[in-house]
Amino acid sequence: MGGKDEENEISLELFMKIGLDERTAKNTIANNKVTTNLTEVINEANVTSGCGKAVGNLLYTVATRFPANALVHRRSVLEFITTLKIKTPAQLEAALSFLGRLGAENLKLKEFEEACGVAGVEVSLEEIELAVSKVLEEKMDSILELRYRTNVGELFGHVRNTHPWADPKIVKQVIDEKLYGLLGERTAADDEKPARKKKEKPAKEEDKVIAVQTPSVAPSEEELNPFTIFPRPEENIKVHTEIFFSDRPVLRACNTKEMLEEHLKATGSRVFTRFPPEPNGYLHIGHAKAMFINFGLAKERDGCCYLRYDDTNPEAEKKEYIDHIEEIVRWMGWEPFKITYTSDYFQELYDLAVELIRRGHAYVDHQDSDEIKLYRENKMNSPWRDRPISESLKLFDDMRRGMIEEGKATLRMKQDMQSDNYNMYDLIAYRIKFTPHPHAGDKWCIYPSYDYAHCIVDSLENITHSLCTLEFETRRASYYWLLDALDRYQPYVWEYSRLNVTNTVMSKRKLNRLVTEKWVDGWDDPRLMTLAGLRRRGVSANAINAFVRGIGITRSDNSMIRLDRLEYHIREDLNKTAARTMVVLHPLKVVITNLDGKSIMDLDAKKWPDAQTDDASAFYKVPFTNVVYIERSDFRTKDSKDYYGLAPGKSVLLRYAFPIKCTEIIYGGDSETILEIRAEYDPSKKTKPKGVLHWVAQPSPGVNPVKVEVRLFDKLFLSENPAELENFLEDLNPRSKEVIPEAFSVPSLKDAAVGDKFQFERLDQVEFKASGKAKGSDGIPRRNCIV
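Residues numbered from 1 in each chain as written. Predicted model: local features only at pLDDT ≥ 70, side-chain atom pairs only at ≥ 80, totals over all residues. Heavy atoms only, no water.

Now for the overall build of the protein. Within the protein one finds 25 helices and 29 strands. Expressed along its principal axes, the backbone C-alpha trace of the protein runs to roughly 100 × 70 × 60 Å. Within the structure as shown, the protein displays about 37700 Å² of accessible surface, and the carbon and sulfur contribution to it stands at 49%. With 113 positive and 124 negative side-chain charges, the protein shows a separation of 4 Å between the mean positions of the two kinds. (Helix = DSSP H or I, 4+ residues; strand = E, 2+ residues; numbered from the N terminus. Areas by Shrake-Rupley, 256 points an atom, 1.4 Å probe, with all protein chains shown as cover. Lys, Arg positive; Asp, Glu negative; His and termini not counted. Charge placed at Lys NZ, Arg CZ, Asp CG, Glu CD.)

The element strand E19 (residues 627–631) is extensively covered by neighbouring structure, given that five of its five residues are classed as buried. Pairing analysis gives five bridges linking strand E16 (residues 587–592) to E19, with the strands arranged antiparallel. Residue pairing across strands places Val590 opposite Val628, the latter belonging to E19. Of the pairings in the sheet, the one linking E19 to strand E24 (residues 696–697) comprises two bridges and is antiparallel in character. Each bridged residue has a counterpart across the sheet, and for Val628 the counterpart in E24 is Ala697. (Buried < 20%, exposed > 50% of the residue type's maximum accessible area, 1.4 Å probe, protein only. Pairing = 2+ DSSP bridges.)

Bringing the sheet that holds strand E6 (residues 362–365) into the picture now. Spatially, four strands are ordered E6-E7-E8-E9 in an open sheet, and the strand pairing comes out antiparallel. Across the chains shown, the open sheet's two edge strands, defined by having one partner strand only, are E6 and strand E9 (446–448). Neighbour-to-neighbour, the strand axes of this sheet turn through a mean angle of 20°, independent of strand direction. Sheet topology places strand E7 (residues 410–413) next to strand E8 (residues 428–432); three bridges connect them, and they run antiparallel. Of the residues in E8, the one forming a bridge with Leu411 is Tyr430. On the sheet, helix H19 (residues 389–400) packs against E6, E7, E8 and E9 and is oriented at approximately 60° with respect to E6. (Axes fitted to C-alpha atoms, helices over the stretch in contact; angles between N-to-C directions. Contact = heavy atoms within 4.5 Å.)

Bringing the domain arrangement of the protein into the picture now. Accessible area lost during the coming together of the parts is what is often quoted as the interface size. If you check the domain split of the protein, you get domain 1 (125–185) and domain 2 (579–708). A separation of 44 Å is found between the C-alpha centroids of domain 1 and domain 2. (Domains from an automatic or database assignment.)

Turning next to the pairing of strand E21 (residues 659–667). Regular strands have side chains that alternate between both faces of the sheet. In the sheet, strand E20 (residues 651–654) pairs with E21 via three bridges, with the strands oriented antiparallel. By the bridge assignment, Val652 is partnered in E21 with Ile660. In sequence, E20 turns back onto E21 through a hairpin of four residues, with Tyr656 there showing a positive phi of about 70°. Bridge analysis of E21 against strand E22 (residues 674–681) gives seven bridges, and the strand direction is antiparallel. Note that in E22 the partner of Tyr667 across the bridge is Ile674.

With 12 residues, H19 should reach 16 Å at 1.5 Å per residue; the first-to-last C-alpha distance of 17 Å fits that figure. For H19, the set of buried residues is Ser392, Leu395, Phe396, Asp398 and Met399. Down the axis of H19, the smallest arc covering the buried residues is 155°, so these residues share one side. Facing away from the buried surface of H19 by more than 90 degrees, the exposed residues are Ser390 and Lys394. On its buried face, H19 sits against helix H17 (346–358), E6, E7, E8 and E9. Just past H19, the residue Gly402 takes up positive phi, approximately 75°. (Expected span 1.5 Å × (residues − 1). Arc of directions from axis to C-beta.)

Another point: the side chain of Gln367. Mapping Gln367 onto the fold places it in the loop between E6 and helix H18 (369–377). On the basis of relative accessible area, Gln367 is assigned to the buried category, the value being 3%. Among the polar contacts listed, one links the side chain of Gln367 to the side chain of Arg412, at a separation of 3.1 Å. The contact partners of Gln367, leaving out residues within four places of it in the chain, are Ile372, Tyr375, Ser382, Pro383, Trp384 and Arg412. (Polar contact = N/O pair within 3.5 Å; in protein donor to acceptor, adjacent residues only side chain to side chain.)

Turning to the sheet that holds E20, a few remarks are in order. As summarised here, the arrangement of the seven strands in space is E23-E20-E21-E22-E16-E19-E24, forming an open sheet in which the pairing is mixed. Of all the strands in the sheet, the pair left with one neighbour each is strand E23 (692–693) and E24.

On to the nonpolar core. Ranked by internal contacts, the top residues of the largest apolar core, which has 47 residues, are Phe275, Ile285, Met291, Val329, Leu531 and Phe547. Among the secondary structure elements, those contributing two or more residues to this core are helix H15 (285–300), strand E4 (304–309), helix H16 (319–331), strand E11 (492–496), helix H23 (531–536), helix H24 (541–551) and helix H25 (563–577). Broken down by element, the residue count for this core peaks at nine residues, all from H15. Those residues in contact with Phe547 that sit more than four places away from it in its chain are Ile285, Leu499, Val501, Ile561, Arg565, Leu566 and His569. Phe245, Leu411, Ile432 and Trp481 belong to the second-largest nonpolar core, a separate cluster that totals 44 residues. (Core = buried A, V, L, I, M, F, W, Y, C linked by side-chain atoms within 4.5 Å.)

Right, let's get into the pattern of salt bridges. Summed over the entire model, instances satisfying the criterion amount to 42 salt bridges. Across the pair Arg527 and Asp525 runs a salt bridge, and its minimum N-O distance is 2.8 Å. For Glu709, the salt bridge identified is with Arg711, shortest N-O distance 2.8 Å. (Salt bridge = Lys/Arg side-chain N within 4 Å of Asp/Glu carboxyl O.)

The next thing to look at is the confidence of the model for the protein. Residues at a pLDDT of 70 or more form 90% of the protein, whose mean pLDDT is 86. Confidence over residues 203–222 falls short of pLDDT 50; this stretch has 16 contacts with residues more than four positions distant or in other chains. Confidence drops under pLDDT 50 across residues 763–787; counting only partners more than four residues distant or on other chains, this segment forms 113 contacts. (pLDDT = per-residue confidence, 0-100.)

Following this line, the structure appears as structure tokens:
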């Protein structure tokens, strides 16, 4: 172990010399294959003494993404990088794409240089400035509205579309400088929550033609279609990956021409993907990214996407989870081509396991889990690894017939115990579990493992693109080894980064603990990032999909997306779909002394901020009487210059109504508690106060407004990344939920149904997210609260 630790220290030092931060370097060392590749790349590039971070990042990309069928050209690419002919990620991406198509054929230097922007492509500062100015001009209205909340990445993408080989650092610098010149110093208001975006009015017929003809900066191809990075099904004849063995030649996994032709005939050359959740809990927002990639690719290519339940562990799976997954997939806007279960293929999987034994690639093992772990850590073969094939066949049949006790035998794949890849250490293919299956019933007492079943079912279902998260990257070797051993069709495998959001946890294990130990109110608790919880908060599937699309289909690992970014998309969607209304959370009574106690005025309040007076549907009625209620926090006994609420002798405007002026304060018996405020209103509206308050009035004399229960939700965890903590439960936010049992609302909310969404109007910032309840409906307030 000491020798291994010393090797790791040497590798860590070497990787940090090329500019990798310590965390990335340590994560790299945990992957033996990447460690080997990166070490070779550094030596081939002759930078063992170190290099700049920009070059180091490019070298890391070469080590992890260089096409296996073009390794003969790796040294040439490294020379282009170290001589700074290739100096941007975009150039390297183009180079790798070119080489992937070229394979081992001779490299035509001129074509290569043109493909990756090396051959005389120099973008001057003047050209960059001109492109940036053009983009800012086209986006001027949006920039002036959003100011420093403008999506700089979007601006960057437009410039890159014009000049793909421009130095990204210079582009970013020019954008920042020009934004500063346009907007001036950043203010405190720029750090507040984004202003509401005006709802677009329907265009008149004559306006629509003009709008189409208006020139604009075209978005990049990747922005328009993030799925362009994936190959066509007919291209699935190239080498997928190289599998290195300790005792035999390298296996270059790929489909034969005959195998691919048979596959294309079965699929009609269409794209086939699958969304394969394990039914052991509710889906969370990370699954939304997986859905977007798998269903989205199939939809974009006019293909098919299976909803496949990865149900190989009967102890953790429930019918409740199966039903939820199907329902939430459709709520997210995706329609499965077929709904299948891994358990649908249990017979085929068993038959192929028998074939694997017959071919000498699997054996029945009697080690327990601790022994297997110990032997794998020390790269030692199992004592039963070389037992006769006939013996393993008989024992495997005994396992199937329930003649061997649970835990006394497993079927293991005979892979390579001396490999540098831990996932080639004779993985378990089958284990015994005397547990009825929620879908297959009690027919089986042996169940396949994920590592055995997943790739085979992909092949059986003729999946063209097997897409999964990056933690499965090291399992590629096992995936292709098994399909090669069984002479099965091999899908194209591609890994993407997990979606991690701040101030929450995504692990099913942690989520399950939060639910079962009742730290939250079920899987659909609005504080969770489960899709059911987000839906209950009033978040739409459109907002979630827009958020996922905005992040992109990336491979950058360990990326943490700020919660603010999700909330931006939620607000954008709600501003188009959730009407405004008024609710007072902590009511303070205001008696208007110069208004008749029997008088009731029905006033028009806007559902939308840009409502036109000639559109009756854009308004709702609110009663105005001599008793109204305002937020208790909107009144102070002492006024100040920076305060816009109500105070003695001061006037404010009641939104959609009249100005009122505080004339008297009525205290309780302790001379401190304020029971009510006396005020006078200005029916002429000549008074022009600065402050505007939301309010609710008595619907009729002596009758209280509609009472509603409102639930205010804050972040569930205090830390941005609670999953990294030793005890994540200690980081729970004690103020993540506040229940207000008797808030007052306008009368229109009494008819609210489950699922209705409203935004509570309020001018001052609400520091928390919240959701409320009116006759059973749940949702989310931000600056404008939603019921």
